[in-house]
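These are the residues of each chain, in order.
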Amino acid sequence: MGSKFNKELKTLVVDKVISPELADKIEQYYATKDIGKSNKLFMIFGIFGALLVGAGIILMLAHNWDDFSKTIKTILAFVPLLIGQLFTGFSILKEKSRTWKEASGTFLFFSVGACIALISQVYNIPGELGSYLLSWIVLCLPLVYLLRSNAVTLLIVLLSTYYAVEVGLWNYRSTKTPWLYIVFFIAILPHYWILLKNNVTSNTISIFNWILPASIAIALSAFIGNTGNLAFVMYITLFGLLYSIGRLAIFKELRTLRNGYLIIGSLGTVVSLMIFTFRWIWDEFPHKFGYQFEELYIVIGLLLMTITVLGYLFLKKGWRSINLFQIAWIIFLFVYFLLPGVKVLPVVLMNLLVLTLGVSAIKIGADKFNFGILNYGLLIISVLIVCRFFDTGMSFVVRGILFVLVGTGFFATNYIMLKRQQKFKKQIKDLQV
């Protein structure tokens, strides 16, 4: 806290604006606040410092690596690992600060990966990238609960996602399904739940709220079979699940931009449905559904979880709290499975569904006085019109009129919304007076 601020406090005390006791409380409050900020910055710099130190050690060793004997290489491979273990053990036994635990855990995490890679290179141990990532994750997973480290948890999530797509998607020689990704993901959920219960509005939670749903959406591609007929079913159900999770009461205090479940679920739903508004995708639809068992298991699991969350929200808040984004996946599944052979009707229904989603978003934005959600709904309708621009035989005059109407709608809706907001604020101000 600056000396200028202290002088101002003393001046207020001398002029008898505030009492000396109140001045002391103000000084203590801002001193504590500044300490909290410095601790967070110190923790961030500590994590980055651990990363840079580890990278520097590896680069120095790599420069002269070929000149070392096999014994020296083995010793050097274990040195960072031992250093990381010493610092981690010291942090746990001495109950050091969170900064110590985050920095030592991050250093140890990368030391484990470097040690495995170096030993494999020194002794020519064969193996694929997937097995290397698996060993790395299994060895470092206990650090999440030994240190209660958020940085290590995020690294585990990222590495698990990489493992899933490597084993199930990128490795063309492998026919394995990365079921262990689900195990790793479930393993970090208790730590995430503790963070949610402690402080749902923290920046750390906001990062997790984006990383976790993004990880699930990426890793899900590794569970798609060769035919891929259930791929859209898997994703549309997942996006419905994510959106419903974002609507849970625990996330009520969060701003929309901090709720990754809500945004990813909403965008994923709209994009998936927008694809099915085109006629060509229904023309190329298979006559018979072929699927593999891993796809079926994932679909069943996602359906059960989505129905459970949706049912919970229904019981807690009633049917009026359920909006179209939460049940759009149900409408899609009915059309997808019951009307695949019909030429025109599925296209019309999907266009109507996307249009209604846009209108629903506009209504939600208007009810909450949220310009972001309001314009998001207008954007959905605009993109839908642009899509129809390319696959319909409308004349340029009609297309031009539609664009003018949509643009006018943007201006008019925002103007009306702004006036309503100003009127609402004025009414509140009058009531307070």
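What am I meant to see in the overall build of the protein chain here?
Secondary structure assignment for the protein chain yields 17 helices and zero strands. Taking all 433 residues of the protein chain together, 42% fall into the buried category. Here the analysis covers contacts within the protein chain between residues at least 6 apart in sequence; of these, 70% occur between residues at least 24 apart. With the model as given, the accessible surface of the protein chain reaches about 25,200 Å², and the carbon-plus-sulfur share is 69%.

Looking at this model, I keep getting lost on the packing of helix H9 (residues 203–219) against helix H11 (residues 260–275). Mind explaining?
Angle between the axes and distance between the axes are the two parameters that describe a pair of packed helices. Two elements in contact, H9 and H11, have axes whose closest approach is 8 Å; the angle formed by their N-to-C orientations is 35 degrees. Residue-level contacts link Asn 209, Trp 210, Leu 212, Pro 213 and Ala 214 of H9 to Gly 260, Tyr 261, Ile 263 and Ile 264 of H11. Tallied by class, residues from the contact of H9 with H11 come to seven nonpolar, two polar and no charged.

In this structure, what is going on with the nonpolar core? I would like to understand it.
The tendency in soluble globular proteins is for nonpolar side chains to be buried side by side. The biggest cluster of nonpolar side chains holds 90 residues, and the ones touching the most others in it are Ile 156, Phe 251 and Leu 273. For this core, the element with the most residues is helix H10 (residues 231–246), which contributes ten residues.

I would appreciate a short explanation of the confidence of the model for the protein chain in the present structure.
Detailed reading of the predicted model is not advised wherever pLDDT is low. The predicted model of the protein chain has a mean per-residue pLDDT of 81, with 77% of residues at 70 or higher. Confidence drops under a pLDDT of 50 for residues 32–38, and excluding neighbours within four residues, the segment shows one contact in the predicted structure.

In this structure, what is going on with the pattern of salt bridges? I would like to understand it.
Here the idea is simple: oppositely charged side chains can pair when their charged atoms come close. Within the structure shown, the criterion is met by two salt bridges. A salt bridge links Arg 98 to Glu 102; the nearest nitrogen and oxygen atoms lie 3.6 Å apart. Separated by four residues within a single helix, Arg 98 and Glu 102 lie in helix H4 (residues 98–122), roughly one turn from each other. The exposure class assigned to Arg 98 is partly exposed, which follows from its relative accessible area of 39%. Relative accessible area serves as the criterion here: at 1%, Glu 102 is assigned to the buried category. The residue Asp 367 makes a salt bridge to Lys 363 at a minimum N-O spacing of 2.9 Å. Residue Asp 367 and its partner Lys 363 are both found in helix H15 (residues 345–368); the two are separated by four residues, about one turn of the helix.

Explanation requested: the environment of Ile 331 in the structure shown.
Relative to the assigned elements, Ile 331 resides in helix H14 (residues 324–338). Since its relative accessible area comes to 34%, Ile 331 is described here as partly exposed. Distance from Ile 331 to Leu 349, taken between C-alpha atoms, is 9.2 Å for residues 18 residues apart in sequence. In contact with Ile 331, not counting residues within four places along its chain, are Leu 324 and Leu 353.

Is there a simple way to explain H14 in this structure?
Turn by turn, an α-helix covers 3.6 residues, leaving residues three or four places apart pointing in a common direction. Under the 1.5 Å per step criterion, the end-to-end length of H14 is 20 Å for 15 residues, consistent within 8% with the ideal 21 Å. The opening residue of H14, the one whose side-chain oxygen lies 3.0 Å from the backbone nitrogen of Phe 325, is Asn 323.

Honestly, unusual backbone geometry in this entry has me stumped. Any pointers?
A negative phi angle is the norm for most residues apart from glycine, just as the trans form is the norm for most peptide bonds. The residue Glu 95 is not glycine, and still its phi comes out positive at about 50 degrees. Tracing the backbone through its elements, the reader meets Glu 95 in the loop between helix H3 (70–93) and H4. Although it is not a glycine, Arg 148 adopts a positive phi angle of roughly 50 degrees. Relative to the assigned elements, Arg 148 resides in the loop between helix H6 (143–146) and helix H7 (150–170). On the basis of relative accessibility, which here comes to 58%, the residue Arg 148 falls in the exposed class.

It is not clear to me how the packing of aromatic side chains should be interpreted in this structure. Could you clarify?
Any aromatic ring pair is given by two values, namely how distant the centres are and how the planes are angled relative to each other. Inspection of every chain in the model, using the stated rule, returns 22 aromatic pairs. When the ring of Phe 87 is compared with that of Trp 100, the centres are 6.1 Å apart and the planes differ by 35 degrees; the resulting orientation is tilted. Here Trp 100 lies in helix H4 and Phe 87 lies in helix H3, a separation of 13 residues in the sequence. With 6.0 Å between their ring centres and 35 degrees between their planes, Tyr 181 and Phe 185 make a pair best called tilted. Placement of the pair is Tyr 181 and Phe 185 together in helix H8 (residues 179–198), with a separation of four residues, close to one helical turn. For Phe 185, a relative accessible area of 15% gives the class buried.

Thresholds, definitions, all that
Residues numbered from 1 in each chain as written. Predicted model: local features only at pLDDT ≥ 70, side-chain atom pairs only at ≥ 80, totals over all residues. Heavy atoms only, no water. Helix = DSSP H or I, 4+ residues; strand = E, 2+ residues; numbered from the N terminus. Buried < 20%, exposed > 50% of the residue type's maximum accessible area, 1.4 Å probe, protein only. Contact = heavy atoms within 4.5 Å. Areas by Shrake-Rupley, 256 points an atom, 1.4 Å probe, with all protein chains shown as cover. Axes fitted to C-alpha atoms, helices over the stretch in contact; angles between N-to-C directions. Nonpolar A, V, L, I, M, F, W, Y, C, P; charged D, E, K, R; others polar. Core = buried A, V, L, I, M, F, W, Y, C linked by side-chain atoms within 4.5 Å. pLDDT = per-residue confidence, 0-100. Salt bridge = Lys/Arg side-chain N within 4 Å of Asp/Glu carboxyl O. Expected span 1.5 Å × (residues − 1). Polar contact = N/O pair within 3.5 Å; in protein donor to acceptor, adjacent residues only side chain to side chain. Phe/Tyr/Trp six-rings, centres within 6.5 Å; stacked < 30°, edge-to-face > 60°.

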